[in-house]
Structures are given as C-alpha cells and as structure tokens.
Amino acid sequence: MRDTILILSDRPDAQVRQLQSSFRSLGFEVLALALADIGFDTRYPSGIAIPGMAGALPAAVIVRSISSGTFEAITRRLGILHAFAHLGVPVWNSAKAIERCVDKSTTTFFLAQAGLPTPETFAVESLANAREVAERELAHGPLVLKPLFGSQGKGIRLVRRLDDLPSPDDIDDVYYLQRFVAHSGPPFCDYRVFTCAGEVLGMITRRAEGWITNIAKGAKAEPVVGPLRSKLESLALAASNAIGTDFAGIDIVPAVDGRLLVLEVNSMPAWTGLQSVVPVKIADCIANALAARIMPALNERPAA
C-alpha cells in the first residue's frame, strides 16, 4: 500500500477522475476519499485511520477539495494534513499553503510582503470597523467586498457607498475589502495562470460581460498570446513562491494604466477552462511532477 496516492476531495469531479487516470498510468494505486472520512486513531502506529488502507500510509497526498464545515471540523481536517507532513508523507498542497490561500486576507498579506503588486486590501471585523475603512477609502474609488473564505465568484459585491456594506450576520462579521481595479470593458477580462512545481503549465484569458470573470459565472476562456505571457509567468511564479504552493491557480487582473495586479492564489484550483485551450494535460503534469518528487524515496525503500 506504500505506493498508493491518496486524493482528497469531497466530490468525484472531472479533475479527480483525471488525476486517478494519470497516477494509474504511472503505476500507482489510487484511493480517493473525502478528508472528513479520515480520522485520528491512536491504535495505529501512524496515529491516522484511512479507510481502505489497513493502517498503512500513502506514498503522497493530493488535496483536490475540502468541503465546508464548522470551525472545529475544518481545524481537525487541517490537523490531518499537518499530521501527514509530520509523518513524512508529501502533501500537495500542504496545510500551510492551503491555510494561506483559503483566507484571502492572509494571501494578500504574503503577496504584499513579497513586494508583489496587489490591490490595496483591508480585512476587519465588525460593521463599525468596516464603515471606518469605507469612509476613508471610498473617496479614492469603489471597493470590492469578498467572502474571506470563498471561490468561483460567489458572494462578491461592489461597494460604492456606505449603505452597500452588508449586515454582520450576512458575512459572519468579517469584512474583506479590496480596492476595485478599474479596467476597460465590457467585455472585462483577467488572467488565470496555472503553476506546478515551479513551472507554468498554462494560462488563459477569462472574458465576461460583467466585471466578475470566473468561469463558473459564465466567463469564456481564451488563450493568452504575445509578450504578455512572460510578464504573467513571472508574476504567477513569484506569487506561488510567496504562498508556498506546489500547484496553484493564480488570478491576475490588468488595470487601465497597464499594471498587472495579483488578486488571488488558489491552492485547490479547477482546470476545466484552462484545459479547454492549452495542449498539455494538466492532470498528467501534476502526476508526473509529484511522482518525480517521491520516486527517489520510494526507490530507496528496503525490499519487502
């Protein structure tokens, strides 16, 4: 069982199926489970109980998705990922990287600390503190309110005046506010760059009639051509390095003055839109990169 790749996902989506096929073609056994189904269990030497593995550990873990849950549930699930790493099992992406990505305020903190261009961002608790920020900042242009934990463009709203701030109950009393990046449109566009193991696997332009340009919201994927590619590649690799991801989807937006700003780093990215316009098979690239990372250690094992 030591040559098993464990894929963690709360749903068997197309990306999970592609990863299963890619790893099997490399000779690995593959097990796909929800992270919620893995438990701590001190009966085992590892201290972890993985259904179907009889106390054994996988060769590596890939985190495709983590379902929503209570603070206690999410803390326990991330604890499982930390435990795998403590036991020497490679985890892509690590709990540390996931924690930095799922909390957008932490992402922007590390991007800014690395000197990367990113919109001015403010994350506070309570409506009173949010109103204080908005009163100060709206004079310089609108703000974008995003869920601190969220993806696929859900829950995003434009704040042009104080009355646009929602009630605390609507957003769990956490206000993540980011400077709205004005860019020409419609159609509007931004870029998604997919990185893996220090390389760029592909990139797309996402075009939409509205300013929210997520593929899940109906945006269209197009290839990126011309000299812009090298600028996007450099920014994306620097952003991935700043957060510490093994693979990631980096969202970059162009401003009207020509600047490129890093918006988000996604540690559990889908790649359906990207795969529709790039020739390489994303799942194969991820599988090959992780296999190259773990094979030396597997080859050094004593013979059974």
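Keep in mind that this is a model prediction, so the values were computed, not measured.

(A) Local environment of the overall build of the protein. Counting its regular elements, the protein contains 8 helices and 15 strands. A compact globule built from 304 residues should have a C-alpha radius of gyration of about 19 Å, and the protein, at 20 Å, falls within 12% of that. For the protein, the C-alpha atoms occupy an extent of roughly 70 × 45 × 30 Å along the three principal directions. For the protein, the proportion of its 304 residues judged to be buried stands at 48%. In the protein, of all internal contacts separated by at least 6 residues, the share reaching a separation of at least 24 is 65%. Surface summary for the protein: the accessible area is close to 14500 Å², and the carbon and sulfur share equals 53%. Of the charged side chains in the protein, 30 are positive and 31 negative, and the gap between their average positions amounts to 5 Å.

(B) Spotlight on helix α3 (residues 95–102). For α3, every residue scored as buried is listed here: Ala 95, Ala 97, Ile 98, Arg 100 and Cys 101. Of the surrounding secondary structure, the elements contacted by the buried residues of α3 are β5 (60–63), α2 (71–86), α4 (104–113), α6 (228–243) and β15 (260–266).

(C) Local environment of the sheet that holds strand β8 (residues 143–146). The strand order β7-β10-β8-β9 describes an open sheet built from 4 strands, whose pairing is antiparallel. Single-partner strands in this sheet number two, and they are β7 (121–125) and β9 (157–159). The sheet shows a mean angle of 30° between the axes of neighbouring strands, direction not considered. As defined by bridge partners, β8 adjoins strand β10 (residues 174–179) across 4 bridges and the pair is classed as antiparallel. Its bridge partner being in β10, Val 144 is matched across the sheet by Gln 178.

(D) Representation of empty space enclosed by the protein within the structure. Tallied over the full model, the rule gives 1 cavity of 30 Å³ or more. Roughly 40 Å³ of volume is contained in the largest cavity. The wall of the largest cavity is formed by Asp 10, Ala 34, Leu 35, Ala 36, Ser 65, Ile 66, Ser 67 and Arg 77. Here the residues of the lining of the largest cavity sort into 4 nonpolar, 2 polar and 2 charged.

(E) Just the domain arrangement of the protein, in detail. One can read the domain layout of the protein as domain 1 (4–92 + 284–300), domain 2 (100–117 + 184–269) and domain 3 (121–179). A separation of 21 Å is found between the C-alpha centroids of domain 2 and domain 3. Facing 12 residues of domain 2, the contacting portion of domain 3 comprises 16 residues. Overall, the association of domain 2 and domain 3 removes approximately 1100 Å² of surface from exposure, summing both partners, and the carbon and sulfur fraction of that is 60%. Linking domain 2 with domain 3 are 1 salt bridge, by the criterion used here. Residues Lys 146 and Glu 264 are paired through a salt bridge, measuring 3.4 Å at the closest nitrogen-oxygen approach. Linking domain 2 with domain 3 are 2 residue pairs in polar contact (both at pLDDT 80 or more), by the criterion used here. Looking at the side of domain 2 that touches domain 3 residue by residue, the classes come out as 5 nonpolar, 3 polar and 4 charged.

(F) How the structure looks around the nonpolar core. Membership of the largest hydrophobic core comes to 28 residues, with the highest contact counts inside it found for Phe 23 and Ile 286. Contributing elements (two or more residues each) for this core: β1 (4–8), α1 (14–25), β5, β11 (188–196), β12 (199–208) and α8 (282–299). Per-element accounting of this core gives the leading share, 9 residues, to α8. No fewer than three residues from each of domain 1 (4–92 + 284–300) and domain 2 (100–117 + 184–269) sit in this core. Those residues in contact with Phe 23, other than ones at most four positions away along the chain, are Ile 5, Phe 28, Val 30, Ile 62, Ala 287 and Leu 290.

(G) View of the environment of Ala 112. On the secondary structure map, Ala 112 appears in helix α4. Overall, Ala 112 belongs to the partly exposed group, its relative accessible area being 44%.

(H) Structural context of the side chain of Asp 103. By the secondary structure assignment, Asp 103 is in the loop between α3 and α4. No salt bridge is formed by the buried Asp 103, whose closest oppositely charged neighbour, Lys 104, lies at an N-O distance of 8.2 Å. Each residue touching Asp 103, except ones within four places of it in the same chain, is listed here: Leu 148 and Phe 149.

(I) Main features of the pairing of β15. With 7 of 7 residues buried, β15 is to be regarded as a mostly interior element. For strand β14 (residues 247–254) and β15, the ladder comprises 6 bridges, and the chain directions are antiparallel. By the bridge assignment for β15, Gly 249 is matched with Asn 266. The turn joining β14 and β15, which pair antiparallel and follow one another in sequence, is formed by 5 residues; a positive phi near 95° is taken by Gly 258.

Quick notes on the rules
Residues numbered from 1 in each chain as written. Predicted model: local features only at pLDDT ≥ 70, side-chain atom pairs only at ≥ 80, totals over all residues. Heavy atoms only, no water. Helix = DSSP H or I, 4+ residues; strand = E, 2+ residues; numbered from the N terminus. Rg over C-alpha atoms; globule rule 2.2 N^0.38 Å. Buried < 20%, exposed > 50% of the residue type's maximum accessible area, 1.4 Å probe, protein only. Contact = heavy atoms within 4.5 Å. Areas by Shrake-Rupley, 256 points an atom, 1.4 Å probe, with all protein chains shown as cover. Lys, Arg positive; Asp, Glu negative; His and termini not counted. Charge placed at Lys NZ, Arg CZ, Asp CG, Glu CD. Pairing = 2+ DSSP bridges. Axes fitted to C-alpha atoms, helices over the stretch in contact; angles between N-to-C directions. 1 Å grid on protein atoms, 1.4 Å probe; cavity = no way out; pocket = protein on both sides within 12 Å on 5 of 7 lines; lining within 4 Å. Points joined across faces, edges and corners; volume = space filled by probe spheres on them. Nonpolar A, V, L, I, M, F, W, Y, C, P; charged D, E, K, R; others polar. Domains from an automatic or database assignment. Buried area = accessible area lost by both parts, 1.4 Å probe. Salt bridge = Lys/Arg side-chain N within 4 Å of Asp/Glu carboxyl O. Polar contact = N/O pair within 3.5 Å; in protein donor to acceptor, adjacent residues only side chain to side chain. Core = buried A, V, L, I, M, F, W, Y, C linked by side-chain atoms within 4.5 Å.

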